[in-house]
Amino acid sequence: MNGWIDGIGLIAGLLTTTAFIPQVWKIYRTKSGKDISARMYSILSFGMVLWLIYGIFVRSVPLILSNAVTLVLALAIIALKIRYHDAQRRDDGDA
């Protein structure tokens, strides 16, 4: 039974984690994170850190894997927002 439950957790983690990929790709492609809330992604990232810690304590592979990968993607979104925000600010100043 535990394998079945872990399978559900892995599928859920895979789906919720891959949901972040289009956002990362869009920011990278458009070089703009203008409409992204850094505050929201910061809070979300902190929550994922706590879920990751919880997953480690309860030894749940689905929680550990999905939250570790999602945390990396969320931090990438924050980093890209910062990177392209600074670039946008420089471009606006040159106009």
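Note: the structure precedes this text.
Throughout what follows, the structure given in this document is the object of discussion.

Parameters and conventions
- Residues numbered from 1 in each chain as written.
- Predicted model: local features only at pLDDT ≥ 70, side-chain atom pairs only at ≥ 80, totals over all residues.
- Heavy atoms only, no water.
- Helix = DSSP H or I, 4+ residues; strand = E, 2+ residues; numbered from the N terminus.
- Buried < 20%, exposed > 50% of the residue type's maximum accessible area, 1.4 Å probe, protein only.
- Contact = heavy atoms within 4.5 Å.
- Phe/Tyr/Trp six-rings, centres within 6.5 Å; stacked < 30°, edge-to-face > 60°.
- Lys NZ or Arg CZ within 6 Å of the ring centre and 35° of its normal.
- Expected span 1.5 Å × (residues − 1).
- Arc of directions from axis to C-beta.

Attention now goes to the side chain of T17. Structurally, the position occupied by T17 is in helix α1 (residues 2-18). Residue classification places T17 among the buried positions, given a relative accessible area of 7%. The residues touching T17, leaving out its near neighbours within four places in the chain, are S66, V69, T70 and L73.

Another aspect to go through is the environment of D35. Positionally, D35 belongs in the loop between α2 (21-30) and α3 (38-58). Note: C-alpha distance between D35 and K81 (46 residues apart in sequence) is 9.1 Å.

Quick look at the packing of aromatic side chains now. Inspection of every chain in the model, using the stated rule, returns three aromatic pairs. Residues F20 and Y41 carry aromatic rings whose centres are separated by 6.2 Å and whose planes lie at 75 degrees to one another, so their mutual orientation is edge-to-face. Of this pair, F20 sits in the loop between α1 and α2 while Y41 is found in helix α3, placing the two residues 21 residues apart along the sequence. The exposure class of F20 is buried, given its relative accessible area of 15%. Taking the centre distance of 5.7 Å and the plane angle of 80 degrees together, the rings of W51 and Y54 count as edge-to-face. You can see W51 and its partner Y54 sitting in helix α3, three residues apart, about one turn around the helix. For Y54, a relative accessible area of 45% corresponds to the partly exposed category. A cation over an aromatic ring shows up here: K31 above the ring of Y28, its NZ or CZ 4.0 Å from the ring centre.

This next bit is on α3. Between its first and last C-alpha, α3 extends 30 Å over 21 residues, near the 30 Å set by a 1.5 Å rise per residue. If you check which residues of α3 are buried, you get Y41, S45, M48, L52 and G55. The arc that holds every buried residue of α3, seen down its axis, measures 80 degrees, which confines them to one face. Turned more than 90 degrees from where α3 packs its buried face, R39, I43, F46 and F57 sit exposed. Count one or two residues on from α3 and you reach R59, which has phi positive near 55 degrees.

Right, let's talk about unusual backbone geometry for a bit. In the Ramachandran plot, K31 falls in the positive-phi region, its phi being about 60 degrees despite a non-glycine side chain. Among the secondary structure elements, K31 is positioned in the loop between α2 and α3. Residues other than glycine seldom take positive phi values, yet R59 does so here, at roughly 55 degrees. Structurally, the position occupied by R59 is in the loop between α3 and α4 (61-94).

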